[in-house]
Amino acid sequence: MSLSFASILIRMKLPQGGMRHYTHREGQSYPITLSQRLYTTFLAPFFIIALLIILSNSISLFPSSIAGVGDQGIFNYLGAAILATFMRMFVAYVLAVIVAFPLALLVVRVSWAERLLLPIFDIAQSIPVLAFFPMVIIAFTNRGLWDEAAIVVIFLAMIWNIVFNLVSGFKSVPRDIEWAAIVFKLSSWRFFTEVLLPASVPSFVIGSLLAWAQGWNIIIVAEALHLYLPKSNPHDLFGIGSILVSASATGNGALFISAIITMILTIAIIDFLVWQKLLHYAERFKFD
Amino acid sequence: MLNGLNLTNMTNEIIYLKKVWKRYDDIDTGLIDIDLAITKGDFVAVIGPSGCGKSSLLKIIAGLEAPTEGIVKKPERVSLVFQNGALLPWLTVKENVMFGARSILGTEADIEERTMHALSEISIMDLSNKLPRELSGGQRQRIGIARALACNPEVLLLDEPFSALDPKTTETMHRDISTLWEKTGATIIMVTHLIEEAVALANRIIIMKDFKIAGDYSITLSHPRREDGASFGQEVRRIHKEFFADM
């Protein structure tokens, strides 16, 4: 009897009671897909083992200090860098949320705005963030506004995910609910605060998660400004992105690996402590 | 029948529509020349085939849509129970009912009192702190009714409220709505596509066909109505015959 590899894998993971389920939503569950089985069976253990090997190597190579780090120690150095990067991303995220909400609301509530703005947003979000870099250099770095330049770059990477997900969240309000709001004489303000805002929570969380992912993607560009500035005025921002670039450029492999691990751990901790909890919380705001 | 209805002298009529037309952009017609007067305390069932204009009529009475032509007079407080409850999933049962109660101005104590009264009226006090997704279809529909009652409506509109429920729950809901109507004397207008349901609950049945009112009949059976009784069957057959005439 010949069994395919995939079917063995599926049988291996299935308990006798039937298909295993995972759930964010209490009382409702979703079947685990084959790709998730593959991930949990092979890729995740491989990833964890690889991470442990790298971590143990870097710790044994640099127990207390690392080239280019100075006297403060590797953990303090990378900790301060990741904190600086995180604060930059947080400020950019807050700005993106502040701008995204009125834009999304305009698109959803004003019919001409939807016809005019959505195509513009669509084009704007398809332009790579790097294309805006010359403008950012002219507007900010030439005036010495290094942090502001990085924040603007991260903001541009983040905003469209939030806008489009908010639009989709605002539009997820069913017709019946809009009618109920009319029948029960809700003011515009009450409709916004009691219906639209809660209804947008699931999409907003997804949009924010994607925005932060984009932010981590672009952080190297945002902090390694020397690559884009004249040689007479080299400048980098202190952060995990710029450490990655300089470590790579100077061949400092240990620092590079340590920085990568710091970044991965930070992203994993944020995912575990923030996004997973928010995704779970957002389930109650979903319409059936 | 409505022929000869005097629409200018209606002391006891709570709703009237005179020569009401509704046209939509995407389809030609919604309603054609509707004349309708509804007496305070009536339980009116509007029946008709799909797409005949029942929902358009209900939306106009609810104030969700304006007529293209004609006069609509209706009281200030008209409440609507939706087909699927239309509850806010993030609010508890009590908060959902309060959502309706807040449509009338009043202090927080008034709103709380109206909410608790509506919850006890529909016998769902024990569900107060649950979320809609933790409840069955019948329980959700009860919350929709409680929410509609919480704003002290002069007219209660029901838009196919039992169409998504199983037969047993539907029967229980019929009994509860019937009791509620007798107890409160509220004016109720219900859209349904089931003749049996209309005969079981209403004291007046309006048949709609092709965007017009095609018939208007009184049901004189006493409440509670036994759906397995002989007189009930006779009424159902009478409405059934009128419903399918000219079809």
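Structural data are supplied above this passage.
Below or above, wherever it landed, is the structure these notes cover. (Residues numbered from 1 in each chain as written. Chains lettered and ligands numbered in written order. Predicted model: local features only at pLDDT ≥ 70, side-chain atom pairs only at ≥ 80, totals over all residues. Heavy atoms only, no water.)

To continue, consider the pattern of salt bridges. One pass over the full model with this rule turns up 13 salt bridges over all chains. Across the pair R88 of chain A and E223 of chain A runs a salt bridge, and its minimum N-O distance is 2.7 Å. Taken together, the residues span a long stretch of sequence, with R88 of chain A in helix α3 (residues 74-109) and E223 of chain A in helix α8 (residues 188-223) at a distance of 135 residues. Taken individually, R88 of chain A and E223 of chain A each receive the classification buried, so the pair is uniform in this respect. Here D42 of chain B and R204 of chain B are joined by a salt bridge, their closest N and O atoms 3.8 Å apart. Note that D42 of chain B is positioned in the loop between β2 (31-39) and β3 (43-47) and R204 of chain B in strand β8 (residues 204-209), a separation of 162 residues in sequence. When salt bridges that share partners are traced, they join R88, D147 and E223 of chain A into one network. (Salt bridge = Lys/Arg side-chain N within 4 Å of Asp/Glu carboxyl O. Helix = DSSP H or I, 4+ residues; strand = E, 2+ residues; numbered from the N terminus. Buried < 20%, exposed > 50% of the residue type's maximum accessible area, 1.4 Å probe, protein only.)

Residue and element names in this part refer to chain B. Residues other than glycine seldom take positive phi values, yet K19 does so here, at roughly 45°. Position of K19 relative to the elements: it lies in strand β1 (residues 13-22). Since its relative accessible area comes to 48%, K19 is described here as partly exposed. With phi around 60°, S123 is a residue other than glycine that occupies positive phi space. With respect to the secondary-structure elements, S123 resides in the loop between α3 (108-121) and α4 (137-149).

With that settled, the discussion passes to the interface of chain A and chain B. Tallying the contact residues gives 22 residues for chain A and 24 residues for chain B. Both sides together, the interface formed by chain A and chain B hides about 2100 Å², and carbon and sulfur atoms give 64% of it. Contact with chain B buries surface across chain A, with V183, F184 and R284 of chain A losing the most and accounting together for 33% of the total. Linking chain A with chain B are 0 salt bridges, by the criterion used here. (Contact = heavy atoms within 4.5 Å. Buried area = accessible area lost by both parts, 1.4 Å probe.)

Next up on the list: the packing of α8 of chain A against helix α10 (residues 253-282) of chain A. Residue and element names in this part refer to chain A. Following both chains from N to C, one finds α8 and α10 inclined at 170°, their axes separated by 9 Å at the closest point. As the angle between them shows, α8 and α10 are arranged roughly antiparallel. Contact with α8, carried on its side by V201, P202, V205, I206, S208, L209, W212, W216 and I219, involves M263, T266, I267, I270, W275, L278, L279 and A282 of α10 and no other residues of that element. Taken together, the residues of the contact of α8 with α10 break down into 15 nonpolar, 2 polar and no charged. (Axes fitted to C-alpha atoms, helices over the stretch in contact; angles between N-to-C directions. Parallel < 35°, antiparallel > 145°, perpendicular 65-115°, else oblique. Nonpolar A, V, L, I, M, F, W, Y, C, P; charged D, E, K, R; others polar.)

All right, on to the pairing of β3 of chain B then. Residue and element names in this part refer to chain B. When you tally the buried positions in β3, you get 5 out of 5 residues, the bulk of the element. Of the two faces of β3, both are covered, the one formed by F43, A45 and I47 as well as the one formed by V44 and V46. With 5 bridges joining them, β3 and strand β7 (residues 187-192) adopt parallel strand pairing. Across the sheet, F43 pairs through a bridge with I188, a residue of β7. (Pairing = 2+ DSSP bridges.)

So, about empty space enclosed by the protein. Tallying each qualifying case throughout the model produces 1 cavity of 30 Å³ or more. Here the largest cavity defines a volume of roughly 40 Å³. For the lining of the largest cavity, the per-class residue count stands at 2 nonpolar, 3 polar and 2 charged. (1 Å grid on protein atoms, 1.4 Å probe; cavity = no way out; pocket = protein on both sides within 12 Å on 5 of 7 lines; lining within 4 Å. Points joined across faces, edges and corners; volume = space filled by probe spheres on them.)

As a further point, take the layout of surface pockets. The computed volume of the largest pocket comes to approximately 310 Å³. Forming the boundary of the largest pocket are 18 residues, of which D288 of chain A together with N84, A86, L87 and R140 of chain B lie nearest the centre. Sorting the residues of the lining of the largest pocket by element identifies α7 (175-183) of chain A together with α4 of chain B as the ones contributing at least two each. Ranked by residues supplied to the lining of the largest pocket, first place goes to α4 of chain B with 3 residues. Residues of the lining of the largest pocket, tallied by class, amount to 9 nonpolar, 5 polar and 4 charged.

Bear in mind that shape data such as this cannot, by itself, settle questions of function.
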